[in-house]
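A closer look at the structure
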Amino acid sequence: MTSVEERVADDPSAAEGTVRGRVRQALTHAAAHRVFLAVLLPAIGLRLVAMLGYRGAMWFPDSYDYVSGALTLTPNLIRPSGYSLFLWLLSPFHSLTLVVLVQHTMGVAVGVMVYALLRHRFALPTWLASAAAIPALYDAFGIQLEHLVLSDTLFTFLVTLAVTLAMWRSTLSTRRAILICLLVGLAAVTRSVGLPVLILVLAWLAVRRAGWRAVAAGLVAGLLPIVLYAGWFNSRTHRFALTYSTGIFLYSRTMPFADCKKMKPPVDELPLCSDTPPDKRGRSQFYIWGRISPFHRLGKHKFTADTEARAGDFAKRAILAQPGDYVGTVTSDLLRTFRWKHPPFPEKTTYSYYLFQQHPPQPPHTAVRRMRPYDRGHLNTHVVRPYARIMQVYQRYFFLRGTMFGLILFVGLGAFLRRRWEALLPWTMAVVAIVVPPTTAEFDYRYVIPAVPVACIAAALAFLRRDDAAPALGSGVVASLRGYVRSGTDWAMKKRR
């Protein structure tokens, strides 16, 4: 036994003293973070009210494929199935309520990570670190998204955890670089936007001068989940890829403006053209899911290697022939991110899935038959008053306005003006998260949610008074650029000789 255990065995009063000491220490620790606890506890309460008001899970059209994929362990052709693997891990419990509980816990953990990082690494005031966590903890649409069977909450958790680990200390070891990139790789097989995020993280490691070993190890770790997933996809489809939908979604992105007279596509792509004038066309998603979309002319099976290739080639031709129209379409969608209100978009039916409703959508019978084994048949969402009504009223008034999110991004940009270079990673990650969806598919409110925590971290660093880590990263950026320029100059001189 240790000396403490021996003392407790000889003197029972010592055990009481030890317990009192631990309680006193816990109370002291809680008092030091009392402001954040005052923010955190009501946020937990809101999630408990949501679970009491909406028993079970809430459903989105994508949810049925995710659950079916968890039961059959087959990769989805349309979107990465990393979330299905997450559901598979929880499948032995046969409880969608547990899935929702875990996702709400992830939502709370994201807010805790924002606060902990800003306090531990940068010693920001408690009130400021707590304020930075509020958007992630209290956004009603974020809480509702945690209640849906969708991949977004898991993706947000993985990305925020990666950023927290990346910035937790001023020095970066190879082991931590491996873990960070592994998390981002897992995020990439959860949502496709994780792929550009991985490239961004690797570039950040290089600029930060983490060392070639850290960058190389991070590259391997980040690619490992992606390569394994692509191998799994290949075993079922005979194609080494993550999905069959990248080109198809890009096709839908270009259809609001694509003019075949300007593009002059080959004969095998002519069926994808539309005679409808651009100003009278529907939203992008119509050209995938709409019943009279030209996309259906390619055949009965939508998502195949052939349709993927033809639709992708058509989209690239449209972008190259009409770059101004493409930029205008993307910009128009991107600006929706910063609107004050949440007008229904892309149309009322899709938007309604993001609301705490009195009569939420229930899974159709065809989907219930497929998903029944996951929760032993208890798949419907049961609405219970008054708790559901509380969440309905709350969502009406308490959510992160798009204009406020734009202000957060603007403040984060101000961190660079104050030479707070540590804001580089979270701020650029937030920008990538909101830019990629309207660039490759279409804007959707839920695609903004993962950008909120990292954007708040960057914004909080604009108020950093002490330059504990900023000079190290700032000098690293300069030194890296100088090194690249010197290497390029030396190479050019050798070529001349």
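Scope of this entry: the structure provided in the associated data block. Source: prediction; values computed, not measured. (Residues numbered from 1 in each chain as written. Predicted model: local features only at pLDDT ≥ 70, side-chain atom pairs only at ≥ 80, totals over all residues. Heavy atoms only, no water.)

**Comments concerning helix H3 (residues 34-53)**
What counts is decided by this rule: Each helix is a run of H or I in the DSSP string that is no shorter than four residues. Each strand is a run of E no shorter than two, and both are numbered from the N terminus. Each helix should span, by expectation, one fewer than its residue count multiplied by 1.5 Å. Think of it in three bands: residues with accessible area under 20% of the maximum for their type are buried, residues over 50% are exposed, and the middle band is partly exposed, with areas taken using a 1.4 Å probe on protein chains only. Contact between two residues is taken to exist if any of their heavy atoms lie within 4.5 Å; hydrogens are not considered.
Spanning 20 residues, H3 covers 29 Å between terminal C-alpha atoms, matching the ideal 28 Å at 1.5 Å per step. Every buried residue of H3 is listed here: Phe 36, Val 39, Leu 40, Ala 43, Leu 46, Arg 47, Val 49, Ala 50, Met 51 and Gly 53. Against the buried residues of H3 lie strand E1 (54-55), helix H6 (96-120), helix H7 (126-138), helix H8 (140-147), strand E2 (382-383) and helix H20 (387-397).

**Focus: the nonpolar core**
Test applied: Throughout, nonpolar core names a set of buried Ala, Val, Leu, Ile, Met, Phe, Trp, Tyr and Cys residues whose side chains join them through atoms within 4.5 Å.
Counting residues in each nonpolar core, the largest one holds 122 residues, and the members touching the most others are Leu 87, Leu 118, Met 391, Phe 405 and Met 429. Residue contributions to this core peak at ten residues, all from helix H23 (residues 451-461). With near-sequence residues (within four places) excluded, Leu 87 lies in contact with Tyr 66, Val 67, Ala 70, Val 99, Val 149 and Tyr 374. Counting 26 residues, the second largest nonpolar core, distinct from the first, contains Ile 78, Tyr 251, Cys 260 and Tyr 287.

**A word on the layout of surface pockets**
To be explicit about the condition: Computed over the protein atoms alone on a 1 Å grid, cavities are sets of points where a 1.4 Å probe fits but cannot get out and pockets are open sets with protein on both sides within 12 Å along at least five of seven lines; a residue lines them when it has an atom within 4 Å of a point. Grid points are joined across faces, edges and corners, and a volume is the space filled by probe spheres set on the points. Ten residue types, Ala, Val, Leu, Ile, Met, Phe, Trp, Tyr, Cys and Pro, are classed as nonpolar, four, Asp, Glu, Lys and Arg, as charged, and the remainder, Gly among them, as polar.
Size it by volume and the largest pocket reaches roughly 1200 Å³. Forming the boundary of the largest pocket are 43 residues, of which Ile 78, Arg 79, Phe 249, Ala 441 and Tyr 447 lie nearest the centre. Among the elements of the structure, helix H4 (61-72), helix H11 (194-207), helix H13 (246-254), helix H15 (286-289), helix H18 (348-352) and helix H22 (424-440) are those that each provide at least two residues to the lining of the largest pocket. Among the residues making up the lining of the largest pocket, the classes are represented as 21 nonpolar, twelve polar and ten charged. Estimates place the volume of the second largest pocket at around 440 Å³. Lining the second largest pocket are 20 residues, and of these Ala 131, Pro 135, Met 404, Ile 408 and Cys 456 sit closest to its centre. Those elements that place two or more of their residues in the lining of the second largest pocket are H7, helix H21 (402-417) and H23.

**So, the environment of Phe 463**
If you trace the backbone, Phe 463 turns up in the loop between H23 and helix H24 (470-496). With relative accessibility at 47%, the residue Phe 463 sits in the partly exposed group. Remark: the alpha-carbon pair of Phe 463 and Arg 418, spanning 45 residues in sequence, is separated by 8.9 Å.

**Examining the packing of aromatic side chains**
Threshold: Only the six-membered ring of Trp is used, alongside the rings of Phe and Tyr, when aromatic pairs are assigned; centres must lie within 6.5 Å, and planes under 30 degrees apart are stacked while those over 60 apart are edge-to-face, with the rest tilted. A ring is considered to have a charge above it if a Lys NZ or an Arg CZ atom is located within 6 Å of its centre and within 35 degrees of its normal.
Under the counting rule described, the total for this entry stands at 23 aromatic pairs. The interplanar angle of 10° and the centroid separation of 5.5 Å between the aromatic rings of Phe 60 and Tyr 354 together place this pair among those described as stacked. Of this pair, Phe 60 sits in the loop between E1 and H4 while Tyr 354 sits in the loop between H18 and helix H19 (365-371); the two residues are 294 residues apart in sequence, bridging distant segments of the chain. Its relative accessible area of 6% is what places Phe 60 among the buried residues. Exposure remark for Tyr 354: the relative accessible area of 3% places this residue in the buried category. An aromatic cluster is present here, built from Phe 141, Phe 345, Tyr 351, Phe 399, Phe 443 and Tyr 445 joined pairwise through their rings. The ring of Phe 60 has Arg 446 lying over it, and the distance from NZ or CZ to the ring centre is 5.0 Å.

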